Amino acid sequence: GEVEVLFTEKIEQIKVDEDKVFILLDIPSKQELTYDDFHNVYCYSTEGIKIWQIGIRPKGDKAVYTMINSDDSFLYANDFFGRRYYVDKNTGNIKGMEITK
């Protein structure tokens, strides 16, 4: 059957990877951004159970994520400053980062 998961913000992107659904929320510009705004990438099971919310960045956590992609190894999350993070698909922990042009 279908499962409904509700978020407070609009969904910007969805990536499905076998039994996981990765979700990027679209965070509108506002004066006070919260922890959830800066960590706007989530992973849910296909049954609608939350597995994780993206982990804390090693250097500075004050940017919203703007894009996600994935391959066999990682979920990739790009933030507003053009940094691309390698995210462990099972835990949401950040494993590395590169600056994209």
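For the structure given in this document, a descriptive report is provided here. (Residues numbered from 1 in each chain as written. Predicted model: local features only at pLDDT ≥ 70, side-chain atom pairs only at ≥ 80, totals over all residues. Heavy atoms only, no water.)

A closer look at the nonpolar core
The biggest cluster of nonpolar side chains holds 13 residues, and the ones touching the most others in it are Val41, Trp52, Ile54, Tyr65 and Val87. Elements that contribute at least two residues to this core include exactly strand S2 (20-26), strand S3 (41-45), strand S5 (65-70), strand S6 (75-79) and strand S7 (83-87). Among residues more than four places away in sequence, those in contact with Ile54 are Tyr35, His39, Asn40, Val41, Tyr65, Ala77, Val87, Gly92 and Ile94. Of all hydrophobic cores here, the second largest spans eight residues; its members include Ile27, Tyr42, Tyr44 and Val64. (Core = buried A, V, L, I, M, F, W, Y, C linked by side-chain atoms within 4.5 Å. Buried < 20%, exposed > 50% of the residue type's maximum accessible area, 1.4 Å probe, protein only. Helix = DSSP H or I, 4+ residues; strand = E, 2+ residues; numbered from the N terminus. Contact = heavy atoms within 4.5 Å.)

Quick look at the environment of Leu24
Mapped onto the elements, Leu24 comes out in strand S2. Judged by relative accessible area, Leu24 falls into the buried class, the value being 0%. When neighbours within four sequence positions are excluded, Leu24 is seen to be in contact with Lys10, Ile11, Glu12, Gln13, Asn40, Val41, Tyr65, Thr66, Met67 and Ile68.

Structural notes on the sheet that holds strand S4 (residues 50-53)
Spatial strand order, S1-S2-S3-S4: four strands in an open sheet with antiparallel pairing. With one partner strand each, in any of the chains shown, strand S1 (10-17) and S4 form the two edges of the open sheet. For this sheet, the mean angle separating the axes of adjacent strands, direction not counted, is 20 degrees. One ladder, built from seven bridges, connects S1 with S2; its direction is antiparallel. When the sheet's bridge partners are listed, Ile11 is paired in S2 with Leu25. (Pairing = 2+ DSSP bridges. Axes fitted to C-alpha atoms, helices over the stretch in contact; angles between N-to-C directions.)

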